[in-house]
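# A look at the structure
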Number of protein chains: 2
Amino acid sequence: MASSFIRTGKKIVAIGRNYSEHIKELSNTAPKEPFFFLKPTTSYVSTGGQVEIPSGIIAHHEVELGLVIGKPGRDISQANAESHIAGYALAVDMTARNLQDRVKKSGLPWSAAKGFDTFTPIGSFIPKETIKDPHDLRLSLKINGALKQNGTTADMIFRIPRLIEHISSIMTLEEGDLVLTGTPSGVGPVVAGDKVECLLADPSGKELDSIVFTA
Amino acid sequence: MASSFIRTGKKIVAIGRNYSEHIKELSNTAPKEPFFFLKPTTSYVSTGGQVEIPSGIIAHHEVELGLVIGKPGRDISQANAESHIAGYALAVDMTARNLQDRVKKSGLPWSAAKGFDTFTPIGSFIPKETIKDPHDLRLSLKINGALKQNGTTADMIFRIPRLIEHISSIMTLEEGDLVLTGTPSGVGPVVAGDKVECLLADPSGKELDSIVFTA
Ligand SMILES: [Mg+2]
Ligand SMILES: [Mg+2]
Ligand SMILES: [Mg+2]
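Overview of the structure. (Residues numbered from 1 in each chain as written. Chains lettered and ligands numbered in written order. Predicted model: local features only at pLDDT ≥ 70, side-chain atom pairs only at ≥ 80, totals over all residues. Heavy atoms only, no water.)

## Regarding the relation of the copies chain B and chain A
Test applied: Least squares is used to superpose the copies, and the fit set is the C-alpha atoms of residues whose pLDDT is at least 70 in both copies. Only heavy atoms enter the contact rule, under which two residues are in contact if any of them lie within 4.5 Å.
The transform that puts chain B on chain A rotates by 180° and translates by 0.0 Å along the axis, for an RMSD of 0.0 Å. The transformation just described matches what one would write down for a two-fold rotation axis. Both copies contact each other with a shared surface, as 100% of the interface residues of chain B are interface residues in chain A too.

Put into structure tokens, the structure is as follows:
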């Protein structure tokens, strides 16, 4: 069941560099086509939980809109993409930035830098019907009350149907899989003792979901 | 159940560069500690099946010993590692080598290069009791009858307890997860029409499992 994706889903497919202001802040180059990496489902932690930052790791927050897959598919067309989405979820793609910088220089995989236990704080399943336009949502994140990220999904470089088309051209998407759609600008470190609050809201400011976690 | 890992397992954690002759043949540098990447379980294909090579992709075979995890664990010590293994499996870590070379140069994730559907041919579950010493097994692979890979697990740089210790220091290993332990030398392309035969054997040459697939 897609609504129990945190427990039953098998993979998290996370898109990189999908907001131009975020690409600039990390001095990266914009991709010509979407790219992604995998996170293990053992990285989920629910709201109210704690993100464990291993010693020596600089952990950055990346607040993102997640897509919960509702039915399996391979080579899904953009026209059919929406029918494979069961719902949405607010998520944070925690990233060991210093480790990621190191592996990027060496041409090594990102899996460890993105895959620590508790590195994917995750909200509730939001049924598709609840959200009128997934490309018109506010994503924000505060640390200890100070606003750090405040973006809109309208700014995605590659839109949701294109993301699903691209991923499913390589691997089958299954029920319960989560697709993370990239983060707007404002990423930065979370340190031990921080209280982090994330919000997903509609254009009028109405809350659709929130996540709170400590580090 | 670990014996149904192909259907029920959630992740495949694959170790890179764990045999020195293979490191040399790809002109890579030897790692100071193990490193890994994730493959999706949607990449499994059982013996008798077909590996689909996407157009424009140069797909290399990497025959490997797989460890099937039997019980969950985090921060597993080398002394306890063996108790987390339920059994073994013969596997092939198919790799889109030209795509991998490209992403390595750009510092991008390996997930697509390793994660296409059918890029993990997989054998049967081999109960732990069947194998006396997992560090004394023959791994071989033939294409159209010609021997391409012929190694021994005795040549692993990082041995099995160290691999489990390392992975579980980052992410929880769960029942049904598969750990791929790296490939010996002799990797090379598989092209459409090829018949590939892989063998796992004990030191006396007795077959423990085999996989056959076409491309
Ligand atoms: Mg991200
Ligand atoms: Mg990777
Ligand atoms: Mg390999």
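Right, picking up where we left off after that structure.
## Thoughts on the interface of chain B and chain A
Which entries qualify depends on this criterion: Accessible area that two parts lose when put together, with a 1.4 Å probe and added across both, is what the buried area reports. Any Lys or Arg side-chain nitrogen found within 4 Å of a carboxyl oxygen on Asp or Glu counts as a salt bridge. Helix and strand assignments come from DSSP, with helices taken as H or I runs of at least 4 residues and strands as E runs of at least 2, each series counted from the N terminus. For this classification, the nonpolar set comprises Ala, Val, Leu, Ile, Met, Phe, Trp, Tyr, Cys and Pro, the charged set comprises Asp, Glu, Lys and Arg, and every other residue, Gly included, is treated as polar.
Between chain B and chain A, the contact holds 30 residues from the first and 30 residues from the second. Buried surface at the junction of chain B and chain A, summed over both partners, amounts to about 2500 Å²; 59% is from carbon and sulfur atoms. Where chain B packs against chain A, one counts 2 salt bridges. The shortest N-O distance in the salt bridge between A:Arg74 and B:Asp117 comes to 3.2 Å. Listed by contribution, the elements that provide at least two residues to the side of chain B that touches chain A are α1 (5–8), β2 (35–39) and α5 (111–115) of chain B. When the residues that make up the side of chain B that touches chain A are grouped by side-chain class, the tally is 12 nonpolar, 8 polar and 10 charged.

## Focus on the packing of aromatic side chains
Residue and element names in this part refer to chain A. Spelled out, the test is: Any two rings among Phe, Tyr and Trp, with Trp reduced to its six-membered ring, count as a pair given centres within 6.5 Å; such a pair is stacked if its planes are under 30 degrees apart, edge-to-face if over 60, and tilted if neither. Only protein chains enter the accessibility calculation, which uses a 1.4 Å probe; a residue is then buried when its area is under 20% of its type maximum, exposed when over 50%, and partly exposed in between.
The full count for this structure, using the stated rule, is 8 aromatic pairs over all chains. Ring centres of Phe 37 and Trp 110 lie 5.4 Å apart, and the angle between their planes is 40°; on these two criteria the pair is classed as tilted. Here the residue Phe 37 occupies a position in strand β2 (residues 35–39), and Trp 110 occupies one in the loop between α4 (97–106) and α5 (111–115), the gap between them amounting to 73 residues. In this structure, Phe 37 and Trp 110 share a single accessibility class: buried.

## Here's the deal with unusual backbone geometry
One non-glycine residue, A:Asn144, lies in the positive phi region at around 50°. Mapped onto the elements, A:Asn144 comes out in the loop between β10 (138–143) and β11 (146–152). Positive phi outside glycine occurs at B:Arg17, with the angle close to 50°. Turning to its location among the elements, B:Arg17 is positioned in the loop between β1 (12–16) and α2 (20–25). Classification of B:Arg17 by relative accessible area gives buried; the value is 11%.

## Remarks on the sheet that holds strand β15 (residues 207–214) of chain A
All names here are of chain A. We count it as follows: A pair of strands counts as paired when DSSP detects no fewer than two bridges linking them. Note on geometry: axes are C-alpha line fits, over the in-contact stretch for helices, and angles between N-to-C directions span 0 to 180 degrees.
The strand order β11-β10-β14-β15 describes an open sheet built from 4 strands, whose pairing is antiparallel. Looking at strand neighbours, the two that pair on one side only are β11 and β15, the edges of this open sheet. On average, each strand axis in the sheet is tilted by 15° relative to the strand beside it, whichever way the strands run. Inspection of the sheet shows β10 paired to β11 by 6 bridges, in the antiparallel sense. The residue of β11 that forms the bridge with Ser 140 is Asn 150.

## A short note on the sheet that holds strand β13 (residues 188–190) of chain B
Adjacent strands of a sheet pair through backbone hydrogen bonds, lying either parallel or antiparallel. Residue and element names in this part refer to chain B. Strand order in the open sheet made by the 3 strands is β7-β4-β13, with antiparallel pairing throughout. What marks the edges here is a single partner per strand, and that holds for β7 (95–96) and β13. Of the pairings in the sheet, the one linking strand β4 (residues 59–61) to β13 comprises 3 bridges and is antiparallel in character. Bridged to Ala 59 within β13 is Val 190.

## Thoughts on α4(A)
Residue and element names in this part refer to chain A. Definition in use: Taken from the helix axis, the directions to the C-beta atoms give the arc we talk about.
Turning to α4, its buried residues are Arg 97, Leu 99, Gln 100, Val 103 and Lys 104. Along α4, the residues classed as buried sweep out an arc of 155° about the axis, all on the same side. What points out from α4, more than 90 degrees from its buried face, is the exposed set Arg 102 and Lys 105. Looking at the buried residues of α4, the elements they touch are α2 (20–25), β4 (59–61), β7 (95–96) and α5. Just downstream of α4, Gly 107 is the residue with a positive phi angle, here 70°.

## A word on the environment of A:His166
All names here are of chain A. With respect to the secondary-structure elements, His 166 resides in helix α6 (residues 160–168). It is 8.3 Å that separates the C-alpha atoms of His 166 and Ile 76, two residues lying 90 residues apart in sequence. Discounting chain neighbours no more than four positions away, the residues touching His 166 are Glu 33, Pro 34 and Phe 36.

## Quick word on the environment of B:Thr118
Residue and element names in this part refer to chain B. With respect to the secondary-structure elements, Thr 118 resides in the loop between α5 and β8 (120–122). Judged by its relative accessible area of 8%, Thr 118 is buried. C-alpha of Thr 118 to C-alpha of Ser 46: the two residues are 72 residues apart in sequence and 8.7 Å apart in space. Each residue touching Thr 118, except ones within four places of it in the same chain, is listed here: Thr 42, Ser 43, Val 45, Gln 50, Val 51 and Glu 52.

## Quick word on the side chain of B:Thr120
All names here are of chain B. One can find Thr 120 in strand β8. Of the residues examined, Thr 120 reaches a relative accessible area of 0% and is grouped as buried. Each residue touching Thr 120, except ones within four places of it in the same chain, is listed here: Ile 12, Lys 39, Ser 43, Tyr 44, Val 45 and Val 92.

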